[in-house]
Amino acid sequence: MKSASLLTLTCLLGGAASVACAQDGEVRNRVVIVENVKFDYAQVLNVEPVFQTLRATRTEEHCEPVSTRTLAPVNVTGEEPQEDKGRFGRFMDSVRSIFRREDGTEEEMPVAEAPAPAANNGPLLTRECRIIPVGREFRRPIAYDVDYVYKGTKYRSRLPEDPGNRLKIRVSITPWIGAEQGSAANP
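Since the structure is predicted, the reported quantities are computational estimates derived from the model, not experimental observations.

Rules used in this analysis
Residues numbered from 1 in each chain as written. Predicted model: local features only at pLDDT ≥ 70, side-chain atom pairs only at ≥ 80, totals over all residues. Heavy atoms only, no water. Core = buried A, V, L, I, M, F, W, Y, C linked by side-chain atoms within 4.5 Å. Buried < 20%, exposed > 50% of the residue type's maximum accessible area, 1.4 Å probe, protein only. Helix = DSSP H or I, 4+ residues; strand = E, 2+ residues; numbered from the N terminus. Salt bridge = Lys/Arg side-chain N within 4 Å of Asp/Glu carboxyl O. Pairing = 2+ DSSP bridges. Axes fitted to C-alpha atoms, helices over the stretch in contact; angles between N-to-C directions.

Q: Any chance you could explain the nonpolar core here in plain terms?
A: Grouped burial of nonpolar side chains is what soluble globular proteins tend to show. By size, the foremost hydrophobic cluster in this structure holds 9 residues: Ala 42, Val 44, Tyr 144, Val 146, Tyr 148, Tyr 150, Leu 167, Ile 169 and Val 171. No other element matches strand E2 (residues 129–150), which puts 4 residues into this core.

Spelled out as structure tokens, the structure:
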């Protein structure tokens, strides 16, 4: 029984000593300071986007253009081409009319035939193609540097979105309890 009461007495004296030490501690630990908060609007002066640059490379087939100057023109419509007859064309028509027969057909003049292209010579048009790497660059805005003024003081903040003309701000006021102020409160 004596040991239980002795243990209880020791605990009570130890607890009282710790409370006395806590009272002699700093002023900041005795009082909880409440933050005074209000919301207001600031005038936005300038907004500059911050870009992220992404670079990518891919391979593409690049072919040299084929010259078609050496090829004969191809009639794809199936109609006879209409030529604009100038003076020379009308002269040739009048000369041809002299050589027409009475039945309306023309005398055929021997025409030299062009040699036919040889078969299995390969494709008529060959393109020179090669694979080349093509670099691309993409830029996208990831943030905005915003300059704004509140009660005559200019500020700059990086924001995730463009705020527009006005920026809603949180104004917080708390008293400063510094080391010099804490020692003056305890004489």
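Q: Sorry if this is basic, but what is going on with the pattern of salt bridges here?
A: This model, assessed by the stated rule, comprises 8 salt bridges. Across the pair Glu 137 and Arg 55 runs a salt bridge, and its minimum N-O distance is 3.2 Å. Placement of the pair is Glu 137 in strand E2 and Arg 55 in strand E1 (residues 36–63), with a sequence separation of 82 residues. With a relative accessible area of 65%, Arg 55 lands in the exposed category. The network of salt bridges with shared partners includes Glu 48, Asp 145, Asp 147, Arg 156 and Arg 158.

Q: What exactly am I supposed to notice about the sheet that holds E1 here?
A: To summarise the sheet geometry, strands pair through backbone hydrogen bonds and adopt either a parallel or an antiparallel arrangement. Judged by pairing direction, the sheet is antiparallel, and its 4 strands sit side by side in the order E3-E2-E1-E4 without closing on themselves. Every other strand in the sheet has two partners, leaving strand E3 (153–159) and strand E4 (166–173) as the edge strands with one partner each. Here the strands of the sheet are splayed against their neighbours by 30° on average, with no regard to which way each runs. Examined bridge by bridge, E2 and E3 share 7 bridges and lie antiparallel to one another. Following the sheet pairing, Tyr 144 is matched in E3 by Leu 159.

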